[in-house]
Amino acid sequence: RQNATRIFTEGAGSVNSSDRYAYTALGAAPFPVSGDIQNGNMNDFVVWTTDVDNGTGTRGTLRAFQMPTSFDSTGDDVVTIRLQDVSWSAVAKPTLNRNGSNLFFATGQSQVRGWTGNTLFSQASNWQSQLALSEMNPDQPISSSPVLSRDERRLFSASASNAFAGLDSQTGSVLWEVDTASMITAEAKISPDNERVYIVQRDSGIVMSLDQLSGDTYFATSCSTFVANCANFVEAEFALSKYGLVLYYGDVEGHVHAWQLGTSKLPTAAPTDYPTIQPSANPTALPTHSVPPTRMPERPTPAPSTPMPTEFPSLSPSRSPTAGPTPRTSQPSFSPSTQAPVSQNPSTSPPSNNAVVSDLAVVPSQSPSNSPSTSPVIAAGVQQGLSNTYSRCGGQIRNAVLLSFLATTVLMYMGALAL
């Protein structure tokens, strides 16, 4: 069990009798980064002001407290810091940013003041903005504290009248202002996504959701929409759940209301280092196919094949001879003529240039020509080649070849006679 230890106690009139006024609620900045109050002191910083005449007074004192860095006892040397005397009063606690470098007050006469940038809290505020005044009392103070957006770029504040405004936190410029059915006495709340700001109106309990950038209304509804005769005064602070899904507030009749602002699925399970074993509960309807080819593949063309050459001529003669035999020449003709028919008289003209040379025409024609149709050198070469071929082949093959040649020659001769 831990026992609380008193550090110090300071009364409102501890400095002089003129400061004996009530204090407002305190605003705090835990562990301010800047530490610009007491030479780099980064202990919690707390600031407040005096409440003179219920916040309508035109004078007051701005005070602060920060635990000294060398504090090690409960001595009386711990005192509050009197930052400055001011010409205004307030009833709502001040607002500080996260690092304790910016300070904002909603004060009397429906004004908002800001210390931003490098402005010290012991100096005058570097901006102040005038919001809608109360019609009954122009000195009426703003009842609720201003609220910073999560990125600290915008400041939201009610007025001393029936209005709510959004301001630039660094310059104090009024970005937008909306009218309400009654005053706002409860501090506004910022949505976790930093897109909306929620307010609850005092007289009717109307809950409003406003866009931070434009002030446009998402909705404005009271509980009377759902439950009869439940629109009562709402003066106390209200709360917003962690994820901004439920809003809670209490009214002066002792009722607590919960509003569901949205729905959300539960967070997904943390990822694992290995794949899950259980398949998906919702598989896809059809399997996924790859994209079909845009054209069918062509069938490969087989390489052309040629018969293997043989060392001896084929045995079967041609069934359709190309032409009749050529006239007899002094040298054996190896190709029958394909141009002119056989003449009864020997021809004295050389054979036609278009004559087709037969591969194995070795039988001489009956009437020789004056000039051989084939060169003697070529004829001798052919004869030598045939002689070599015959010598390699057996006797049966030689006889078959000779009979084939003889039959071919006879057929060609008979064809020539028929012509």
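In the block above lies the structure referred to throughout.
Residues numbered from 1 in each chain as written. Predicted model: local features only at pLDDT ≥ 70, side-chain atom pairs only at ≥ 80, totals over all residues. Heavy atoms only, no water.

(A) Representation of the packing of aromatic side chains within the structure. Counted by the stated rule, this structure contains 8 aromatic pairs. Summarising the aromatic geometry, the rings of Tyr 23 and Trp 48 are spaced 5.5 Å apart at their centres and angled 55 degrees between planes, so their arrangement reads as tilted. In this pair, Tyr 23 sits in strand 1 (residues 22–23) while Trp 48 sits in strand 3 (residues 45–51), placing the two residues 25 residues apart along the sequence. In this structure Tyr 23 comes out as partly exposed when scored by relative accessible area, which is 25%. Taking the relative accessible area as the measure of exposure, Trp 48 reaches 5% and is therefore buried. Plain terms: the ring middles of Phe 156 and Trp 176 are 6.1 Å apart, the flat faces sit at 40 degrees to each other, and that makes the pair tilted. In this pair, Phe 156 is assigned in strand 11 (residues 154–158) and Trp 176 in strand 13 (residues 174–179), connecting sequence segments 20 residues apart. Overall, the relative accessible area of 1% leaves Phe 156 in the buried class. (Phe/Tyr/Trp six-rings, centres within 6.5 Å; stacked < 30°, edge-to-face > 60°. Helix = DSSP H or I, 4+ residues; strand = E, 2+ residues; numbered from the N terminus. Buried < 20%, exposed > 50% of the residue type's maximum accessible area, 1.4 Å probe, protein only.)

(B) The arrangement of the sheet that holds strand 16 (residues 207–211) in detail. In spatial order, the strands read 14-15-16-17; together these 4 strands make up an open sheet with antiparallel pairing. With partners counted over all chains shown, the strands left at the sheet margins are strand 14 (189–190) and strand 17 (217–221), one partner each. Relative to strand 16, strand 15 (residues 196–200) runs antiparallel, the two being bridged by 5 bridges. Residue pairing for strand 16: Val 197 is matched across the bridge by Leu 210. (Pairing = 2+ DSSP bridges.)

(C) Expanded view of unusual backbone geometry. In this model, Asp 53 sits at a positive phi of 55 degrees, which is unusual for a non-glycine residue. Inspection of the secondary structure assignment puts Asp 53 in the loop between strand 3 and strand 4 (60–66). Taking the relative accessible area as the measure of exposure, Asp 53 reaches 55% and is therefore exposed. Even without being a glycine, Asn 194 presents a positive backbone phi close to 60 degrees. Within the fold, Asn 194 resides in the loop between strand 14 and strand 15. By relative accessible area, Asn 194 is classed as buried at 16%.

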